[in-house]
Amino acid sequence: MSNLESDPHLYTGVLDDREDHAPGDAPEESAGHWVRNANIGLGFSIVLTVASFLLAGSNAIYAPAIPVALIVLAIAQMGVHLVFFLHITTGPDNTNNILALAFGTLVVFLIVVGSIWIMANLSDNMMPTGQLMQMQR
Amino acid sequence: MTYTGLPASVEAIRRVREDPHRLGHRAHGPEEPVAGAGHGETGPARKRIIVGYGFWIYLLSDIVLFSCFFAAFAVLRGATAGGPTISQIVDIPRVAIETTALLLSSYTCMLSFAATNARSRLWTQIFLLITGFLGLVFVLLELQEFIELAARGITPQVSGMLTSFFGLVGLHGLHVTLGGLWLATMLAQVQVKGFRPEIVHRLICFNLFWHALDIVWIGIFTIVYLLGSLT
């Protein structure tokens, strides 16, 4: 029998022998691979950016939906940047990077949504300024 | 090895097809740990991985810092204190040019990294120079915007909204400026020292930094400028 089973690298053709990757750093490829990746990323980014700017100045869709559409386009474009420029993938070699990104996203979400929520609540429950002045007299 | 009745090569091809990423077949299990990957008892991971991962952690902390400024802007958006509102200070055509410059600089930055991988010093330098030039265009346009606003009497101390506006946009501009200085030192290092491992590590980190700045700018032009122009 061969010892093929115990060799962790022989068949993959997918991973190089480095096992683990830093963000922005994929298996060694020809320059053409990187240029193609950059072209795809740029193409997606241009489409999404142009869509954002056109949408903001138009009445093509229902006006109250525009902010939501803009935020969706922005998140999509961040995803494009992460995948094509920062080379975050779902492969097992990227677990550490993905976990760090997930935690960072959680913190960002808590800070932004939490601040907006708490401050909106505070300002709703705040006494009108005039009334406050009266009480202080 | 378990005997399944198939020749070893057929069995191997079947395994690769079914599990191309080898999930569940990593070196944590009974197999030999792989040296340099930071797994098992093989010692720390290689320098390149640690450098890139550490810089990734820094970038995420930087994005958390930006998120505080975003939160401040979101909260103070209506706090104009009788001063101008956000829709009166945004200038969409200029923002479109700034966005184009930064997006293209991200692209050329990536091309410079492709050239680094191909170990072409000339093209690395050329694309880094274009990246720096586009970054400079961005910073100058932003400075021009701030100067024009200041000439109209619109300064950070006028209202809470303007404080958070100048804070957020200015912080990003500061990052791009510092990134430009870093880029200049990288040009010199590549020229003098060539593609030594530590120089390539720094180029990887610089790429990550520049792309992260572009991601933050996506948030700024959407939330501050485009949403600001709606009201």
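Residues numbered from 1 in each chain as written. Chains lettered and ligands numbered in written order. Predicted model: local features only at pLDDT ≥ 70, side-chain atom pairs only at ≥ 80, totals over all residues. Heavy atoms only, no water.

Asker: Help me understand the overall build of chain B, please; the structure alone is not making it clear to me.
Answerer: When you go through chain B residue by residue, the secondary structure sums to 7 helices and 0 strands. Reading the secondary structure of chain B in the N-to-C direction produces α-α-α-α-α-α-α. Sequence separation of at least 24 residues holds for 74% of the intrachain contacts in chain B that already meet a minimum separation of 6. (Helix = DSSP H or I, 4+ residues; strand = E, 2+ residues; numbered from the N terminus. Contact = heavy atoms within 4.5 Å.)

Asker: Is there a simple way to think about the pattern of salt bridges in this case?
Answerer: Where side chains of opposite charge bring their charged atoms close, a pairing between them can arise. Residue and element names in this part refer to chain B. Counted under the stated rule, the structure contains 3 salt bridges over all chains. Its salt-bridge partner being Arg94, residue Glu148 comes within 3.0 Å of it at the nearest N-O pair. Of this pair, Glu148 sits in helix H5 (residues 121–151) while Arg94 sits in helix H4 (residues 92–117); the two residues are 54 residues apart in sequence, bridging distant segments of the chain. Looking at Glu148, the relative accessible area reads 39%, which means it is partly exposed. Here Arg196 ties to Glu198 by a salt bridge, and the two come within 3.0 Å at their closest N and O atoms. Residue classification places Arg196 among the partly exposed positions, given a relative accessible area of 38%. Glu198 sits in the partly exposed class, given a relative accessible area of 29%. Through salt bridges that share partners, Asp91, Arg94 and Glu148 make up one connected network. (Salt bridge = Lys/Arg side-chain N within 4 Å of Asp/Glu carboxyl O. Buried < 20%, exposed > 50% of the residue type's maximum accessible area, 1.4 Å probe, protein only.)

Asker: What should I look at first to understand the UniProt feature "transmembrane region" (unreviewed entry) in chain B in this one?
Answerer: Residue and element names in this part refer to chain B. The UniProt record annotates "transmembrane region" (unreviewed entry) at residues 55–75, 95–115, 122–141, 161–187 and 208–228. Secondary structure content for residues 122–141 is 100% helix and 0% strand, and the end C-alpha separation is 29 Å. Helix makes up 100% of residues 208–228 and strand 0%, and the two end C-alpha atoms of the span are 29 Å apart. (UniProt positions renumbered as here; feature names shortened; annotations may be inferred.)

Asker: Even after reading the chapter, I still don't get the UniProt feature "transmembrane region" (unreviewed entry) in chain A, so can you show me in this structure?
Answerer: Residues and elements named next belong to chain A. The UniProt entry lists residues 40–62, 68–86 and 98–120 under the feature "transmembrane region" (unreviewed entry), expressed in the numbering used here. Along residues 68–86 one finds 95% helix and 0% strand; the C-alpha atoms at either end are 26 Å apart. Measuring from the first to the last C-alpha atom of residues 98–120 gives 32 Å, for a span that is 100% helix and 0% strand.

Asker: Help me out: how do you make sense of unusual backbone geometry in this one?
Answerer: In terms of backbone geometry, most residues other than glycine have negative phi values and most peptide bonds are trans. Non-glycine residue Ala81 of chain B carries a positive phi angle of around 50°. Mapped onto the elements, Ala81 of chain B comes out in the loop between helix H2 (47–76) and helix H3 (86–89).

Asker: For this particular structure, what's the right way to read the environment of Val108 of chain A?
Answerer: As for its position among the elements, Val108 of chain A is in helix H3 (residues 95–125). Val108 of chain A gets classed as partly exposed once you look at its relative accessible area, which sits at 21%. Once residues lying within four places of it in the same chain are set aside, the contact partners of Val108 of chain A are Ile63, Val64 and Ser67 of chain B.

Asker: Please explain the packing of aromatic side chains as it appears in this structure.
Answerer: Two descriptors summarise a pair of aromatic rings, namely the distance from one centre to the other and the angle between the planes of the rings. Residues and elements named next belong to chain B. Across all of its chains, the model carries 14 aromatic pairs over all chains by this definition. Geometrically, the ring pair formed by Phe165 and Phe166 is edge-to-face, given 5.3 Å between the ring centres and 80° between the ring planes. No difference in accessibility class separates Phe165 from Phe166, as the two residues are buried. The rings of Phe55, Tyr58, Trp182, Phe206, Phe209 and Trp210 are connected pair by pair, giving a single aromatic cluster. (Phe/Tyr/Trp six-rings, centres within 6.5 Å; stacked < 30°, edge-to-face > 60°.)

Asker: Can you help me understand a nonpolar patch on the surface in this one?
Answerer: On the surface, Phe103, Leu106, Phe109, Leu110 and Val113 of chain A cluster together to form a nonpolar patch covering roughly 520 Å² of accessible area. Assignment of secondary structure puts Phe109 of chain A in helix H3. (Patch = residues over 30% accessible without salt bridge, like charges linked within 9 Å, V, L, I, M, F, W, Y side chains within 5 Å. Areas by Shrake-Rupley, 256 points an atom, 1.4 Å probe, with all protein chains shown as cover.)

Asker: Please explain the packing of helix H2 (residues 66–85) of chain A against helix H7 (residues 197–230) of chain B as it appears in this structure.
Answerer: When two helices pack together, their arrangement is given by the angle between their axes and by how far apart the axes lie. The interhelical angle for the contact between H2 of chain A and H7 of chain B, taken along N-to-C directions, is 170°, at an axis separation of 10 Å. The pairing of H2 of chain A with H7 of chain B is recorded here as roughly antiparallel in orientation. Seen from H2 of chain A, the contacting residues are Ile66, Pro67, Leu70, Ile71, Ala74, Gln77, Met78, His81, Leu82 and Phe85 of chain A; seen from H7 of chain B, they are His211, Asp214, Ile215, Ile218, Gly219, Phe221, Thr222, Leu226, Leu227 and Leu230 of chain B. Here the contact of H2 of chain A with H7 of chain B is built from residues that sort into 14 nonpolar, 5 polar and 1 charged. (Axes fitted to C-alpha atoms, helices over the stretch in contact; angles between N-to-C directions. Parallel < 35°, antiparallel > 145°, perpendicular 65-115°, else oblique. Nonpolar A, V, L, I, M, F, W, Y, C, P; charged D, E, K, R; others polar.)

Asker: When you look at the nonpolar core in this model, what are you seeing that I'm missing?
Answerer: Soluble globular proteins tend to bury their nonpolar side chains together. All names here are of chain B. In this structure, Trp56, Phe165, Ile220 and Tyr225 are the most contacted members of the largest nonpolar core, which totals 79 residues. Sorting elements by how many residues they give to this core places H7 first, with 21 residues. Apart from the residues lying within four places of it in its own chain, the contact partners of Tyr225 are Val90, Ile92, Val95, Glu145, Phe165, Val169, Trp217 and Ile220. (Core = buried A, V, L, I, M, F, W, Y, C linked by side-chain atoms within 4.5 Å.)

Asker: I keep staring at the side chain of Thr108 of chain B and nothing clicks. Help me out?
Answerer: All names here are of chain B. Examined against the element boundaries, Thr108 turns out to sit in helix H4. For Thr108, a relative accessible area of 8% gives the class buried. A polar contact is formed between the side chain of Thr108 and the backbone oxygen of Ser105, at a distance of 3.0 Å. Residues in contact with Thr108, not counting those within four places in the same chain, are Phe127, Ile130, Thr131 and Leu134. (Polar contact = N/O pair within 3.5 Å; in protein donor to acceptor, adjacent residues only side chain to side chain.)

Asker: Can you walk me through helix H1 (residues 31–56) of chain A in this structure?
Answerer: Owing to its 3.6 residues per turn, the α-helix brings residues three or four apart onto one side. Its 26 residues give H1 of chain A an end-to-end C-alpha distance of 37 Å, which sits within 8% of 38 Å, the value for a rise of 1.5 Å per residue. Within H1 of chain A, the full set of buried residues consists of Trp34, Asn37, Ala38, Gly41, Leu42, Ser45, Leu48, Thr49, Ser52, Phe53, Leu55 and Ala56 of chain A. Where the residues of H1 of chain A are buried, they touch H2 of chain A together with H4 and H7 of chain B. (Expected span 1.5 Å × (residues − 1).)

Asker: I keep staring at the environment of Ile116 of chain A and nothing clicks. Help me out?
Answerer: With respect to the helices, strands and loops of the structure, Ile116 of chain A is situated in helix H3. Judged by its relative accessible area of 37%, Ile116 of chain A falls in the partly exposed class. Contact partners of Ile116 of chain A, with chain neighbours within four places excluded, come to Ala74 and Val75 of chain B.

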